[in-house]
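Topology and contacts: notes
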Amino acid sequence: MKFLHILLGFMAGLLPLSAMAALSEYQRPVPQPQSATAEFWFLFASITLFASLYAVHWMVNRK
């Protein structure tokens, strides 16, 4: 019985939020430009991935 009261209280608290979400207009997210820092880390991750793949290739071919 106590669980039912907690559940009903939780749902009653969510009701105004869902009503506000239904009334507000949807705005599409605008993609942000890529930063130089993000490009650097992507390059670093790509080189690391390539090196690790080559290391696995080298280890498998040694057997």
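All of the points below concern the structure found in this document. In this text, all values refer to a predicted model and were calculated from it rather than measured experimentally.

Thresholds applied
What you see as residue numbers is a count from 1 along each chain, following the sequence as written. In keeping with the model being predicted, local features are shown solely for residues with a pLDDT of at least 70 and side-chain atom pairs are shown and tallied solely at 80 or more, while totals for entire chains, interfaces and linings include all residues. Excluded from the side-chain calculations are hydrogens and water; all other atoms, namely the structure's heavy atoms, are used. Only DSSP runs of H or I with at least four residues qualify as helices, and only runs of E with at least two residues qualify as strands; both kinds are numbered from the N terminus onward. Buried residues are those whose accessible area, probed at 1.4 Å on protein chains only, stays under 20% of the maximum for their type, while exposed residues exceed 50% and partly exposed ones sit between those limits. The Shrake-Rupley method, run with a 1.4 Å probe sphere, supplies the accessible areas, and residue values consider only the shown protein chains as cover. To pair, rings of Phe, Tyr and Trp, with the six-membered ring standing in for Trp, must have centres within 6.5 Å; the planes then decide the type, stacked if under 30 degrees apart, edge-to-face if over 60, and tilted in the middle. As a reminder, the over-ring test applies to NZ of lysine and CZ of arginine, requiring each to be within 6 Å of the ring centre and within 35 degrees of the ring normal. Whenever a nitrogen or oxygen atom comes within 3.5 Å of another N or O atom, the pair is scored as a polar contact, on the condition that within protein one atom can donate a hydrogen and the other can accept it, and that pairs from neighbouring residues in sequence are kept only if both atoms are in side chains.

Quick notes on the overall build of the protein chain
What the protein chain contains, in helices and strands, is 2 helices and 0 strands. In the protein chain, buried positions account for 0% of the 63 residues. On the protein chain, roughly 6,600 Å² of surface is accessible, and the fraction owed to carbon and sulfur atoms is 74%.

Notes on the packing of aromatic side chains
The way to describe two aromatic rings as a pair is by their centre distance and the angle between their planes. What the rule picks out here adds up to 2 aromatic pairs. Their ring planes at 70 degrees and their centres at 5.1 Å tell us that Phe40 and Trp41 sit as a pair that is edge-to-face. Classification of Phe40 by relative accessible area gives partly exposed; the value is 48%. Seen in terms of ring centroids, Trp41 and Phe44 are 5.5 Å apart; in terms of plane orientation they differ by 90 degrees. Their pairing is edge-to-face. With Trp41 and Phe44 both in helix H2 (residues 36–62) and 3 residues apart, this pair spans about one turn of that helix. Residue classification places Phe44 among the partly exposed residues on the basis of a relative accessible area of 46%. Within the aromatic cluster, the residues linked to one another by ring pairs are Phe40, Trp41 and Phe44. Positioned above the aromatic ring of Trp58 is the side chain of Arg62, whose terminal nitrogen or guanidinium carbon lies 4.9 Å from the ring centre.

Re the environment of Thr48
Mapped onto the elements, Thr48 comes out in helix H2. One polar contact links the side chain of Thr48 to the main-chain carbonyl oxygen of Phe44, over a distance of 2.7 Å.

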